[in-house]
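# A structural walkthrough
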Amino acid sequence: MATTEEYVTSKQIQTRLKRSAGQLDGVLRMMDEGRPCDDVLVQLSAVKSSIDKAMKLVIARNINNCVDNMTSADVQNLEHSLDLLLKTK
């Protein structure tokens, strides 16, 4: 498993946000095409999930920058806690 430091980079966060923006553009096209509500909601849910993951990465990066000498176990515990936090939104 990758450590927070290994996977939380600005480029990776930006890539995820660009993917989210592309998904959102797709939702707008679906609406212009008059696609069924169910299809639009499924895609909106995917956008929301992608944004939540980006938020987790931003938070993890910030915490990692603020905390020195984190062990691998600390990183895993932090990742788990962030997952739980985002699931309660």
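Note: the structure precedes this text.
These remarks concern the structure in this document. Keep in mind the model is a prediction, meaning the values are calculated, not measured.

Cut-offs used in this document
Residues numbered from 1 in each chain as written. Predicted model: local features only at pLDDT ≥ 70, side-chain atom pairs only at ≥ 80, totals over all residues. Heavy atoms only, no water. Salt bridge = Lys/Arg side-chain N within 4 Å of Asp/Glu carboxyl O. Helix = DSSP H or I, 4+ residues; strand = E, 2+ residues; numbered from the N terminus. Buried < 20%, exposed > 50% of the residue type's maximum accessible area, 1.4 Å probe, protein only. Contact = heavy atoms within 4.5 Å.

The subject of this paragraph is the pattern of salt bridges. Scanning the entire structure with this criterion turns up three salt bridges. Notably, a salt bridge pairs Asp52 with Lys48, separated by 3.7 Å at the nearest N-O pair. Note that Asp52 and Lys48 are positioned in helix α3 (residues 37-66) at a spacing of four residues, about one turn of the helix. The class for Asp52 is buried, based on a relative accessible area of 11%. Among the residues examined, Lys48 registers a relative accessible area of 46% and is labelled partly exposed. Each of Glu33, Arg35 and Asp39 takes part in salt bridges that share partners, so that together they form one network.

Relative to the elements of secondary structure, Ser50 occurs in helix α3. Taking the relative accessible area as the measure of exposure, Ser50 reaches 5% and is therefore buried. Measuring from C-alpha to C-alpha, the distance between Ser50 and Gln23 comes to 9.1 Å, with 27 residues separating the pair along the chain. Apart from the residues within four sequence positions on either side, Ser50 is in contact with Arg16, Ser20 and Gln23.

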